[in-house]
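Residues per chain, in single letters:
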Amino acid sequence: MTYKTIILKRGKEESLQRFHPWVFSGAIARADESIEEGDLVSVYSHDGCLIGNGHYQIGSIAVRMLTFDDTAIDAAFYELRLTNALRVREALGLMRSDNNAFRLVHGEGDFLPGLVIDIYAGTAVMQAHSPGMHFGRDLIAQALTRLPGGLVKNVYYKSETTLPYKAHLDPVNDYIIGSYDSDVAIENGLKFHVDWLKGQKTGFFVDQRENRRLLEHYAQGRKVLNMFCYTGGFSFYAMRGGAQLVHSVDSSAKAISLTNDNVELNFPDDPRHEAFAEDAFKFLDNMASDAYDLIILDPPAFAKHKSALRNALVGYRKLNAKAFEKIAPGGILFTFSCSQAVNREQFRLAVFSAAAQSRRRVRILHQLAQPADHPINIYHPEGEYLKGLVLYVE
Ligand code: SAH
């Protein structure tokens, strides 16, 4: 199969020679006139050397590179990349009888830019972020069902909100293979419903798995506030860890009902848990000082783009300042940022400012990150997004 051709400007091959997987539109000297959104393209340096193959897209990131040689992007390609991704998850020990929820493909981190796949028991939930992956969805779904051990039985495609709106692809969220069976998955022995049909992202935030487990170790006897709880992940870990009480807060009523269902699934009729559909800032303003001695702050991305960085940092400072002001002495704060545009240093500085404002003695106990099934491609440092601090507040 011949791919459309893209020729780069002089010198613009350099980052690609270091395997960075993006070609920006400004780097392109010439492209085939017939080139269209989502096309498979071969990228050449200005002097005609092949650099590799990728997916073309209209926008600032014009090509997402899939190979750095002449390997074809076909069924065998996807099967091999998915098998390699699965090997990594096997090495991580994520496929166990007490754990069947994990991320199988994390875009650039698994050398498949534009593609995210989460596994929930026998169902793979797949999200395309690029038109190229949208066009490849059937090949990818077939490759998923051929993975060893019959891991994937159903493939749900969920790209209505992830594909570029301007591409006019009109994707429909639906099963490509199989159909609905159970929506209950298991993470570290705890059960939860995954609402991939209507929930955020693929239905659950698998990226907090290790951080939830760490929280469990701190929960014994504590009064826990899980702010921005979504489906209640941190809450049911806190309960297993022996918390005295757990309050979950989210502004979405749907999230609160999912949280209640999940707590009920693991701890039926347990009076220690209560959930509130309220705005986080209001809740923190109105709550009594010292009511909680373990607080989780895991807000949505405050900065989706670099342009929103300044406001995002103010947001993190204000939110954390409220927690420092109210947390009981000897309290532990788990605070996160999932904004890719905010780096580790900037986040730490925002939390530092909030701590200083409260004039309390604060120690950093742990510095947290995204888990290993959300790997960072070493050639693509932009893949780092989740940052967290665990703080002891005197
Ligand atoms: N901690 C969760 C993921 C959080 S996602 C987990 O472990 O799964 C962010 C959540 O914040 C979403 O559920 C969203 O509904 C909620 N949210 C957004 N703005 C909010 C606000 N102002 N107050 C309370 N919750 C908010």
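Colleague: Describe the side chain of Glu 13, and please don't skip the residues or the numbers.
Modeller: Checked against the element boundaries, Glu 13 lands in the loop between β1 (4-8) and α1 (14-17). One buried charged side chain, Glu 13, makes no salt bridge at all; its nearest oppositely charged neighbour is Arg 10, positioned 7.8 Å away. In terms of polar contacts, Glu 13 uses its side chain to reach the backbone amide nitrogen of Gly 11, at 3.1 Å. Excluding residues that lie within four positions of it along the chain, Glu 13 makes contacts with Leu 8, Ser 45, His 46 and Ile 51.

Colleague: Any chance you could break down the site of the ligand for me, citing the residues and the numbers?
Modeller: Arg 212, Asp 250, Asp 279, Ala 280 and Asp 298 are the nearest of the 15 residues found near the ligand. One of the side-chain N or O atoms of Arg 212 is found 2.9 Å from an oxygen atom in the ligand. Measuring from a nitrogen atom of the ligand, one finds a backbone N or O atom of Ser 251 at 3.0 Å. Considered on its own, the ligand offers 580 Å² of accessible surface; in the complex 88% of this is hidden by protein. Across the shell around the ligand, the residue classes tally to seven nonpolar, three polar and five charged.

Colleague: If you had to explain the side chain of Thr 67 to someone new, which residues and values would you point to?
Modeller: Here Thr 67 shows up in the loop between β6 (61-65) and α2 (75-91). The class of Thr 67 is buried, set by a relative accessible area of 2%. Separated by 3.0 Å, the side chain of Thr 67 and the backbone nitrogen of Asn 53 make a polar contact. Here Asp 69 takes part through its backbone oxygen, which lies 2.8 Å from a polar atom of the side chain of Thr 67.

Colleague: Can you tell me about the packing of aromatic side chains, naming the residues and giving the values?
Modeller: Evaluated as defined, the whole model comprises 15 aromatic pairs. With a centroid separation of 5.5 Å and an interplanar angle of 80°, the aromatic rings of Tyr 316 and Phe 347 are classed as edge-to-face. With a gap of 31 residues between them, Tyr 316 in helix α9 (residues 309-326) and Phe 347 in helix α10 (residues 344-358) connect regions that are remote in the sequence. Assigned by exposure class, Tyr 316 and Phe 347 land together as buried. Each member of the aromatic cluster is reached from another via a ring pair, and the members are Phe 19, Phe 68 and Tyr 379. The ring of Phe 234 carries Arg 212 above its face, with NZ or CZ at 5.7 Å from the centroid. Over the ring of Phe 267 we find Arg 272; its NZ or CZ atom is 5.9 Å from the centre of that ring.

Cut-off values and rules
Residues numbered from 1 in each chain as written. Predicted model: local features only at pLDDT ≥ 70, side-chain atom pairs only at ≥ 80, totals over all residues. Heavy atoms only, no water. Helix = DSSP H or I, 4+ residues; strand = E, 2+ residues; numbered from the N terminus. Buried < 20%, exposed > 50% of the residue type's maximum accessible area, 1.4 Å probe, protein only. Lys, Arg positive; Asp, Glu negative; His and termini not counted. Salt bridge = Lys/Arg side-chain N within 4 Å of Asp/Glu carboxyl O. Polar contact = N/O pair within 3.5 Å; in protein donor to acceptor, adjacent residues only side chain to side chain. Contact = heavy atoms within 4.5 Å. Near = heavy atom within 4 Å. Areas by Shrake-Rupley, 256 points an atom, 1.4 Å probe, with all protein chains shown as cover. Nonpolar A, V, L, I, M, F, W, Y, C, P; charged D, E, K, R; others polar. Phe/Tyr/Trp six-rings, centres within 6.5 Å; stacked < 30°, edge-to-face > 60°. Lys NZ or Arg CZ within 6 Å of the ring centre and 35° of its normal.

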